[in-house]
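Take a look at the letters that make up each chain.
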Amino acid sequence: MPVSSRSIIGRSARVDLEGIDFNSFETQPLAVETLRCLRYMCDVESHTICYLREILATSAHRDPDITAFLACWNYEEFWHGEALGQVLELHRLPGAKESAQDLRRERKWLDELRLLTFNIGSLIADDFVAIQMCWGAINELTAQAAYARMIAKAQHPELSELVRRIMKQEGRHLDFYEGEARKRLLKSRRAQRLARFALTKFWAPVGSGVVSNSEVAHMASYLFADEEGLVAAQRVDRKFSRLPGLDGLTLLETAARRGGKAAALRQ
Ligand SMILES: [Fe+2]
Ligand SMILES: [Fe+2]
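The sections below set out a description of the structure shown in this document. (Residues numbered from 1 in each chain as written. Chains lettered and ligands numbered in written order. Predicted model: local features only at pLDDT ≥ 70, side-chain atom pairs only at ≥ 80, totals over all residues. Heavy atoms only, no water.)

1. What to know about the overall build of the protein
The cut-off we apply is this: Only DSSP runs of H or I covering at least 4 residues are called helices, and only runs of E covering at least 2 are called strands; the numbering of each starts at the N terminus. Values of the radius of gyration come from C-alpha atoms, whereas the globule rule sets the reference at 2.2 Å times the count of residues to the power 0.38. Burial classification: accessible surface area is computed with a 1.4 Å probe over protein chains only, and a residue below 20% of its type maximum counts as buried, one above 50% as exposed, and the rest as partly exposed. Residue contacts are defined here by distance: any two heavy atoms, one from each residue, within 4.5 Å place the two residues in contact.
Tallying secondary structure elements over the protein gives 13 helices and zero strands in all. Each helix and strand of the protein, placed in order from N terminus to C terminus, yields the pattern α-α-α-α-α-α-α-α-α-α-α-α-α. Over its C-alpha atoms the protein spans a radius of gyration of 18 Å, differing by no more than 12% from the 18 Å that the globule rule assigns to 267 residues. Dimensions of the protein, computed from C-alpha atoms along their principal axes, come out at roughly 55 × 40 × 40 Å. In the protein, buried positions account for 54% of the 267 residues. Residue pairs in contact within the protein that sit at least 24 positions apart in sequence constitute 83% of those at least 6 positions apart.

Quick look at the structure:
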């Protein structure tokens, strides 16, 4: 059964920061590698409003269940970006707003071109919403796994607590996307074939095409290219490929191995 948008809206909230000791980052700062990955995560979270713009350019905007979910999803992701930005600022790095401003200024034409592909895709493919729901599901699954890996890598109690709270909300996002994707894929063999084709050809970790390739490679390599990371990536792939028609896909594992190679070449 798809998760009703109502059950998500009812619980939608700004991520709770109560009791998190942000001062601990002054006395126990994060490692440079962790901060680099956190910058990536903060930028991607803050970019959600731009992803929303693309989704709304498609026929997804006609479905009130989806738009209700998207309203809350965007709100929660915004506050994830702000919370991570707060941690970055404590390390004398740009916060969420400053970084988003730079990122969006640089992307002017790219953003318009991307938007056009969503418009056209939606016009020519009836099943475009099914593909978007699949995209949402794999991205939320990846986000959850990435945060879990961040906890394991950083070994910082306050960051762990903050990230756990963010992960809880990512889990609800995943439930919605997964339920909607399953419902739509079950209805249409063509949607299954299209989604499989699009994911295999075009999926890359969320943030690709937004932040620089070197940062995508660093994130994939830092979080997923070692032994434990690959196990986590395979777990994501196994879960995702339980969706109708998507069996056997190894999207995150492939991206992790690619990221690991690219990062090694840059060293
Ligand atoms: Fe998030
Ligand atoms: Fe999310």
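2. A look at the coordination of the iron ion (ligand 1)
So the rule is basically this: Counted as donors are N, O and S atoms no farther than 2.8 Å from the metal, or 3.2 Å for Na, K and Ca; water is not among the atoms, and sites may therefore look incomplete.
At 1.9 to 2.3 Å from the iron ion (ligand 1) lie its protein donor atoms, namely Glu 45 (OE), Glu 45 (OE), Glu 77 (OE), His 80 (ND1) and Glu 170 (OE). In this structure, the iron ion (ligand 1) is positioned 3.9 Å from the iron ion (ligand 2), and both are ligated by Glu 77. Pair noted here: His 80 is in helix α5 (residues 64-89) and Glu 170 is in helix α9 (residues 157-187), with a separation of 90 residues, a long-range link. As far as the burial class goes, His 80 and Glu 170 line up, both buried.

3. Quick look at the packing of helix α8 (residues 128-154) against helix α12 (residues 227-240)
This is how the line gets drawn: With axes taken as lines fitted to C-alpha atoms, and helix axes fitted only over the stretch in contact, angles between N-to-C directions fall between 0 and 180 degrees. An angle counts as roughly parallel when it lies under 35 degrees, as roughly antiparallel when it exceeds 145, as roughly perpendicular when it falls between 65 and 115, and as oblique in every other case. Here is the rule for handedness: rotate from the far helix to the near one, and if that takes an anticlockwise turn smaller than a right angle the crossing is left-handed, while a clockwise turn gives right-handed. Charged means Asp, Glu, Lys or Arg here, nonpolar means Ala, Val, Leu, Ile, Met, Phe, Trp, Tyr, Cys or Pro, and polar covers whatever is left, Gly included.
Running from N to C, α8 and α12 point in directions that differ by 155°, and their axes come no closer than 10 Å. When the axes of α8 and α12 are compared, the pair comes out roughly antiparallel. For the element pair α8 and α12, the recorded crossing hand is right-handed. On α12, the residues touching Cys 134, Ala 137, Ile 138, Leu 141, Thr 142, Ala 145 and Arg 149 of α8 are Glu 228, Gly 229, Ala 232, Val 236, Lys 239 and Phe 240. Counted by class, the contact of α8 with α12 contains eight nonpolar, two polar and three charged residues.

4. Considering the coordination of the iron ion (ligand 2)
Within the protein, Glu 77 (OE), Glu 140 (OE), Glu 140 (OE), Glu 170 (OE) and His 173 (ND1) serve as the donor atoms for the iron ion (ligand 2), at 1.9 to 2.5 Å. Along the chain, the residues that donate to the iron ion (ligand 2) are spaced as E-x62-E-x29-E-x2-H. Using a relative accessible area of 1% as the deciding quantity, one classes Glu 170 as buried.

5. Observations regarding the environment of Val 236
You can see Val 236 is positioned in helix α12. Those residues in contact with Val 236, other than ones at most four positions away along the chain, are Ile 138, Leu 141, Thr 142, Ala 145 and Leu 252.

6. Structural notes on the side chain of His 173
Here is the rule: Two N or O atoms form a polar contact when they lie within 3.5 Å of each other; inside protein one atom must be a possible hydrogen donor and the other a possible acceptor, and for residues adjacent in sequence the pair counts only when both atoms belong to side chains.
Position of His 173 among the secondary structure elements: in helix α9. A polar contact of 3.1 Å, which involves the side chain of His 173, links it to the side chain of Glu 77. In contact with His 173, other than residues within four places in its own chain, are Phe 69, Trp 73, Glu 76, Glu 77, His 80 and Glu 140.

7. Describing the pattern of salt bridges
For clarity, the cut-off: Should a side-chain nitrogen of Lys or Arg be within 4 Å of a carboxyl oxygen of Asp or Glu, the pair is scored as a salt bridge.
As enumerated under the stated definition, the model contains 18 salt bridges in all. The salt bridge involving Arg 39 is made with Asp 43; its shortest N-O contact spans 3.5 Å. Note that Arg 39 and Asp 43 are positioned in helix α3 (residues 32-46) at a spacing of four residues, about one turn of the helix. With respect to class, Arg 39 is no different from Asp 43; both count as buried. The salt bridge involving Asp 226 is made with Arg 149; its shortest N-O contact spans 3.1 Å.

8. Describing α3
Note the following rule: To estimate the expected span of a helix, subtract one from its residue number and multiply by 1.5 Å.
If you check α3, its first and last C-alpha atoms are 21 Å apart, about what 15 residues at 1.5 Å a residue would give, namely 21 Å. Tucked inside the fold, the buried residues of α3 contact α4 (48-56), α5, α6 (96-106), α8, α9 and α11 (213-224).

9. Some details on a nonpolar patch on the surface
Here is the rule we go by: Residues form patches when they are more than 30% accessible in relative terms and have no salt bridge. Like charges link within 9 Å. Nonpolar side chains (Val, Leu, Ile, Met, Phe, Trp, Tyr) link within 5 Å. The Shrake-Rupley method, run with a 1.4 Å probe, gives the accessible areas here. Residue values count only the displayed protein chains as cover.
The grouping of Leu 113, Leu 116, Ile 120, Leu 123 and Ile 124 at the surface amounts to a nonpolar patch, some 580 Å² of accessible area in total. Structurally, Leu 123 is set in helix α7 (residues 108-124).

10. Some remarks on unusual backbone geometry
The backbone phi angle of Arg 92 is positive, close to 60°, even though this residue is not glycine. Within the element layout of this structure, Arg 92 appears in the loop between α5 and α6. Judged by relative accessible area, which is 64%, Arg 92 ranks as exposed. Notably, Gln 155 is not glycine yet its phi reads approximately 50°, a positive angle. On the secondary structure map, Gln 155 appears in the loop between α8 and α9.

11. A closer look at the packing of aromatic side chains
In plain terms, the rule: Note on aromatic contacts: the rings of Phe and Tyr and the six-membered ring of Trp form a pair at centre separations within 6.5 Å, being stacked when their planes are under 30 degrees apart, edge-to-face when over 60 apart, and tilted otherwise.
Under the criterion given, the structure shown has nine aromatic pairs. A centroid spacing of 6.4 Å and a plane angle of 25° characterise the contact between Phe 69 and Trp 73, whose relative ring orientation is stacked. Here Phe 69 pairs with Trp 73, and both are found in helix α5, just four residues apart, close to one helical turn. Both residues of the pair, Phe 69 and Trp 73, count as buried. Ring centres of Phe 118 and Phe 128 lie 6.1 Å apart, and the angle between their planes is 90°; on these two criteria the pair is classed as edge-to-face. Of this pair, Phe 118 sits in helix α7 while Phe 128 sits in helix α8, and the two are 10 residues apart along the sequence.

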